[in-house]
Amino acid sequence: MSPSSLSLDPSRPKKPRGAVALLGAVGRSTPAMLVLSGIGFLILWQIVSMNVPPVILPAPAAVFIAFIALTASGELVYATLATIWPFAIGLVLGFVVGTAMGLLLGIFRPAARVLDPYIFVGWSIPNIAWLPLFIAWFGVGNLTLVIFVFISAVFPQLLTVEAGAKEADSFLVEVARSLGGSKREILYNVVLPSSLPYIMAGLRIAVGRALVGIIVGQLLIVATGIGYMFQFYGETLSLAKYFAPLIVIAVLAILLNRGVNWAERYFIPWKIRAFT
């Protein structure tokens, strides 16, 4: 059989060429996909903004100029710092308390039977309904803001971790008990490792809830930070400046999500993922 006939054999798979190969390579590259999707979004934004008044949707260039101006004046930097520190304190406290209580309630079933109804009631009440009580109890200030963020984050973390602790392998728990393991040893050596995926899932939900909590709290409690910028520039219809804090919150949310993804891969390397 000649080489020419081999090259024309229809049964042999053909390698993709040109544009097809380029598209395949881009599809396998996450950074390339992010860049292309961002460019496509900006093009679509520009096209829409050219057909509507600026008071409805400003152009990307106008938003960029406003973002630079607010950053250079220090207003956006100060608002970001005033938002990050109460958010971080409330989220960390919510994560620590929610994780600890979730593990304990997952192990001590009698305590769970007593406390679960109250926890579910607290989770079911809209967070904004707590605000008048918090203001009456703690006053108007950053303490109330931190507590509001804490309440926003602690319940999803607690309930998710408790569910994970209850799903611990009963066979491993019985083996640990038969070997004389104490409650503390069972917690650290059996329940905690099996609950790590739930801890990370709870943290992902808690981050989103805490971000909503900090913005709502700044709108209604302290009138400062990113939340106040939303209120002020929204009421004055300065939409180009309104997008500046929106970009900050979007970037913060993306970074936090990437951080949770990294922590999940670092602390749970054995987790099997069906889709990657």
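Notes on the structure in this doc start here. (Residues numbered from 1 in each chain as written. Predicted model: local features only at pLDDT ≥ 70, side-chain atom pairs only at ≥ 80, totals over all residues. Heavy atoms only, no water.)

Side note on the overall build of the protein
Helix and strand content of the protein: 12 helices and zero strands. Sequence-ordered secondary structure for the protein, helices as α and strands as β, is α-α-α-α-α-α-α-α-α-α-α-α. Here the protein holds 276 residues, and the buried ones make up 34% of them. Residue pairs at least 24 apart in sequence account for 72% of intrachain contacts in the protein once pairs closer than 6 positions are excluded. Accessible area for the protein stands at about 16700 Å²; split by element, carbon and sulfur atoms hold 73% of it. (Helix = DSSP H or I, 4+ residues; strand = E, 2+ residues; numbered from the N terminus. Buried < 20%, exposed > 50% of the residue type's maximum accessible area, 1.4 Å probe, protein only. Contact = heavy atoms within 4.5 Å. Areas by Shrake-Rupley, 256 points an atom, 1.4 Å probe, with all protein chains shown as cover.)

Describing the pattern of salt bridges
Taken as a whole and judged by the stated rule, the model has one salt bridge. Measuring nitrogen to oxygen at the nearest pair gives 3.1 Å for the salt bridge that ties Arg204 to Glu264. Residue Arg204 is located in helix α10 (residues 183-222), and its partner Glu264 is located in helix α12 (residues 239-267); the two are separated by 60 residues in the primary sequence. Take Arg204: its relative accessible area is 30%, and that puts it in the partly exposed class. With a relative accessible area of 9%, Glu264 lands in the buried category. (Salt bridge = Lys/Arg side-chain N within 4 Å of Asp/Glu carboxyl O.)

Digging into helix α4 (residues 60-73)
Relative to the 20 Å expected for 14 residues at 1.5 Å per residue, α4 spans 20 Å between its end C-alpha atoms, a close match to the ideal helical length. Of the residues flanking the end of α4, it is Gly74, one or two places downstream, whose phi is positive at about 90 degrees. (Expected span 1.5 Å × (residues − 1).)

Overview of the nonpolar core
Core analysis: the largest hydrophobic core is formed by 36 residues, its most contacted members being Leu76, Leu91 and Ile226. Put simply, the parts of the chain that give this core at least two residues each are α5 (75-107), α8 (142-166), α10, α11 (225-235) and α12. Looking at this core element by element, the count peaks at 13 residues for α10. Phe148, Ile151, Phe155 and Leu158 belong to the second largest nonpolar core, which has 13 residues in total. (Core = buried A, V, L, I, M, F, W, Y, C linked by side-chain atoms within 4.5 Å.)

What about the environment of Leu192?
Along the chain, Leu192 turns up in helix α10. Using a relative accessible area of 26% as the deciding quantity, one classes Leu192 as partly exposed. Here the alpha-carbon distance between Leu192 and Gly164, two residues 28 residues apart in the chain, equals 8.9 Å.

Here we look at unusual backbone geometry
Of note, Ala223 is a non-glycine position whose phi angle comes to about 50 degrees, a positive value. Tracing the backbone through its elements, the reader meets Ala223 in the loop between α10 and α11. Within the chain, Leu237 stands out as a residue other than glycine whose phi angle is a positive 60 degrees. With respect to the helices and strands, Leu237 occurs in the loop between α11 and α12.

A word on the side chain of Ser195
With respect to the helices, strands and loops of the structure, Ser195 is situated in helix α10. For Ser195, a relative accessible area of 0% translates into the label buried. At 3.4 Å, the side chain of Ser195 and the backbone nitrogen of Ala165 are in polar contact. Among residues more than four places away in sequence, those in contact with Ser195 are Leu103, Gly164 and Ala165. (Polar contact = N/O pair within 3.5 Å; in protein donor to acceptor, adjacent residues only side chain to side chain.)

Concerning α11
Turning to α11, its buried residues are Gly225, Ile226, Gly227, Met229, Phe230 and Tyr233. Residue Leu237 follows α11 closely and has a positive phi angle near 60 degrees.

Digging into a nonpolar patch on the surface
Where nonpolar side chains cluster on the molecular surface, the patch consists of Val92, Val96, Val97, Met101, Val114, Leu115 and Tyr118 and spans about 620 Å² of accessible area. Of all the secondary-structure elements, those providing two or more residues to the nonpolar patch are α5 and α6 (109-124). If you tally residues by element for the nonpolar patch, the top one is α5, at four residues. In this fold, Tyr118 is placed in helix α6. (Patch = residues over 30% accessible without salt bridge, like charges linked within 9 Å, V, L, I, M, F, W, Y side chains within 5 Å.)

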